[in-house]
Amino acid sequence: MFLALLVSGSVVALVLVGLFVFGLRRRLIQRSGGTFDCSLRWNVPEEPDRSGKGWVYGVARYSGDRIDWFRVFSYAPRPRRILERSAIEVLSRRVPEGEEELALLSDASILVCSHRGTRLELAMSEDALTGFLAWLEAAPPGQRVNVA
């Protein structure tokens, strides 16, 4: 009886510590400001895939001339992807269709982009999209910016 209580108490404590660390990590990412919710799909094929597969929910943070993208469900302290402003090319914009609507946040818009030859899709709210496009266009003089 005592052993069962000890094991179940340890499991509950580990779950609570895990949840606390998730919350603490997100607070540390957002501490410096300039963050927004942003789902990402990396290495997307040329033809549109509306299945909803491959989307990963994350948080993006502006950091000078780059965006640091962090997975939400991860303990990693470093960004999973780093997108440089000068290397991002916006190819098109669309709304989620089919099963994508279930995989993304309800008010998401999707940007199809290219970053150093890799096609990717970013899904974010309209407000975040406006800020992202303004950030892209606000590149320092002499840098090329490709916004479709």
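Counting restarts for each chain, with residues numbered from 1 along the sequence as it is written. With pLDDT at 70 or above as the cut-off, local features in this predicted model cover only qualifying residues; side-chain atom pairs require 80 or more to be listed or tallied, and sums for whole chains, interfaces and linings still use all residues. For the side-chain quantities, the full set of heavy atoms in the structure was used; hydrogens and water were omitted.

Within an unreviewed UniProt entry, the label attached to the protein chain reads DUF2550 domain-containing protein, and the organism entered is Streptomyces flavidovirens.

1. Considering the side chain of D68
Selection criterion: Helical segments are the DSSP runs of H or I of at least four residues, strand segments are the runs of E of at least two, and each set is numbered from the N terminus. Note on exposure labels: buried denotes an accessible area under 20% of the residue type's maximum, exposed denotes more than 50%, and partly exposed covers the range between, all computed with a 1.4 Å probe on protein chains only. Contact criterion: two residues are considered in contact whenever any of their non-hydrogen atoms come within 4.5 Å of each other.
Position of D68 relative to the elements: it lies in strand β4 (residues 66–71). Residue D68 is classed as buried on the basis of its relative accessible area of 1%. Not counting the four nearest positions on each side in its chain, D68 is found in contact with V59, A60, R61, S63, P79, R81 and I82.

2. Re the pattern of salt bridges
The line we're drawing: A carboxyl oxygen of Asp or Glu within 4 Å of a side-chain nitrogen of Lys or Arg is what we treat as a salt bridge.
Enumeration over the complete set of coordinates arrives at 10 salt bridges. With its nearest N and O atoms 3.5 Å apart, the salt bridge here joins D68 to R61. For the salt bridge of D68 with R66, the shortest nitrogen-to-oxygen distance reads 2.8 Å. Taking relative accessible area as the criterion, R66 reaches 34% and is therefore assigned partly exposed. Counted as one network, the salt bridges with shared partners bring together R41, R94, E100 and E121.

3. Looking at a nonpolar patch on the surface
Applied cut-off: Each patch is assembled from residues with relative accessible area greater than 30% and no salt bridge, linking like charges that lie within 9 Å and nonpolar side chains (Val, Leu, Ile, Met, Phe, Trp, Tyr) that lie within 5 Å. Where accessible areas are quoted, they stem from the Shrake-Rupley method and a 1.4 Å probe; at the residue level, only the protein chains shown are allowed to cover.
A cluster of nonpolar side chains, contributed by F2, L3, L6, V7, V11, V12, V15, L16 and L19, occupies part of the molecular surface with about 930 Å² of accessible area. Take L19: it is sitting in helix α1 (residues 2–31). Under the relative-accessibility criterion, L19 is labelled exposed at 54%.

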